[in-house]
Amino acid sequence: MIKIYHNNRCSKSRNGLQIVEQSGKPFEVIKYLEEVPSEKELKEIIALLGIKPIELVRKNEAIWKADYKGKDLSDAEIIKAMIENPKLIERPIVINGNKAVIGRPPEAILDII
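Structural notes, computed from the coordinates. Only a predicted model underlies this, so the values are computations on that prediction, with no experimental measurement involved. (Residues numbered from 1 in each chain as written. Predicted model: local features only at pLDDT ≥ 70, side-chain atom pairs only at ≥ 80, totals over all residues. Heavy atoms only, no water.)

## Regarding the sheet that holds strand E3 (residues 93–96)
Across the sheet, four strands lie side by side as E2-E1-E3-E4; this open sheet has mixed pairing. Looking along the sheet, the strands with just one partner apiece sit at the ends: strand E2 (27–31) and strand E4 (99–102). Neighbour-to-neighbour, the strand axes of the sheet open up by a mean angle of 15°, direction not taken into account. Across four bridges, E3 lies against E4 in antiparallel orientation. Bridging from a neighbouring strand, Val-94 pairs with Val-101 of E4. Across the sheet, helix H1 (residues 11–22) is in contact with strand E1 (2–6), E2 and E3; its angle to E1 comes to roughly 165°. Sitting on the sheet, helix H2 (residues 39–49) is in contact with E1, E3 and E4, with an inclination near 90° to E4. (Pairing = 2+ DSSP bridges. Helix = DSSP H or I, 4+ residues; strand = E, 2+ residues; numbered from the N terminus. Axes fitted to C-alpha atoms, helices over the stretch in contact; angles between N-to-C directions. Contact = heavy atoms within 4.5 Å.)

Structure representation (structure tokens):
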């Protein structure tokens, strides 16, 4: 089943959800601001995406600029920051089996569904 980590207040995330809905395949919406991923889940997502934790961070968020920007953070510290402040997690993230993509642009989702 397809999973989409979604924030309804984000237009790119809403566009991504629309693409998933139009695929006609079963999917699950995870509102990650309410259902914050665990450390284990976030590590699994990062591994599926094939990226470093810093690449999943929304670096223009005020909380990042105020508390983290310019600091030499380990991967574990970056993951902890995203768990404590889920707004920092890039969106939408779509997972289909062992494939995952950040839906920026939303059309990137088409590659895995």
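Next comes the rest of the account.
## What about the packing of H2 against helix H4 (residues 75–84)?
In contact at an axis separation of 10 Å, H2 and H4 are set at 115° when each is read in the N-to-C sense. Classified by chirality, the crossing of H4 by H2 is right-handed. Counted together, Glu-39, Leu-42, Lys-43 and Ile-46 of H2 and Ile-79, Met-82 and Ile-83 of H4 form the full contact between these two elements. Residues that form the contact of H2 with H4 fall into these classes: five nonpolar, no polar and two charged. (Left-handed = near helix turned anticlockwise from the far one by under 90°. Nonpolar A, V, L, I, M, F, W, Y, C, P; charged D, E, K, R; others polar.)

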